[in-house]
Amino acid sequence: LAQRGYTLHNYPEDTLMPGENRRSLTKSKGIHDLTLRERAILEYALQNDTLTIQPITTEKARHRIITSRDPVIFGEAPGPESRHSHGRRGFVDGRINWKGLPR
C-alpha cells in the first residue's frame, strides 16, 4: 500500500492483519490465513465503506510511512466488549501495536 501511496483505515479489530502470522501456521499464505469468519468481516467492511483506502498526500508523510515511523494500516477503535483500550496499527516493517484509535 505505502509503495503505491495509500494507507488503509478502519481495519476490523477481530481480523488477522496483513503481515500478522496465525500461530497455527508455520508460513503465511496471505488471504488464505484468514478464517471464513474473518473473510466475512472484511467483505462486510468493504461493502459498507467502513474499511477505506486513503491516499498519502505528501512525500514527507510517505517517507515516514515507508520507514515505519508512521503506520500504513489503522485499525478501527475497539468496541466496548474488547479487552483493548486502543485499536491496532500496522507498519511497513511488519510491527503491529495497540496504540491506535481509543475506544
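Preceding this section is the structure that the text describes.
Residues numbered from 1 in each chain as written. Predicted model: local features only at pLDDT ≥ 70, side-chain atom pairs only at ≥ 80, totals over all residues. Heavy atoms only, no water.

S.K.: Looking at this structure, how should I read the pattern of salt bridges?
M.R.: If the charged atoms of two oppositely charged side chains come close together, the side chains can form a pair. Taken as a whole and assessed by the stated rule, the structure comprises 5 salt bridges. As a salt-bridge pair, R88 and E20 come within 3.1 Å of each other at their nearest N and O atoms. Placement of R88 in the loop between β3 (73-75) and β4 (89-90) and of E20 in the loop between β1 (6-11) and α1 (36-47) is noted, with a sequence separation of 68 residues between them. Classification of R88 by relative accessible area gives buried; the value is 5%. For R62, the salt bridge goes to E59, with nearest N and O atoms at 3.6 Å. Separated by 3 residues within a single helix, R62 and E59 lie in helix α2 (residues 59-66), roughly one turn from each other. (Salt bridge = Lys/Arg side-chain N within 4 Å of Asp/Glu carboxyl O. Helix = DSSP H or I, 4+ residues; strand = E, 2+ residues; numbered from the N terminus. Buried < 20%, exposed > 50% of the residue type's maximum accessible area, 1.4 Å probe, protein only.)

S.K.: Explain the environment of Q47 here, please?
M.R.: Tracing the sequence through the fold places Q47 in helix α1. Taking the C-alpha atoms as reference points, Q47 and I31, separated by 16 residues in sequence, lie 17 Å from one another.

Bear in mind that shape data such as this cannot, by itself, settle questions of function.
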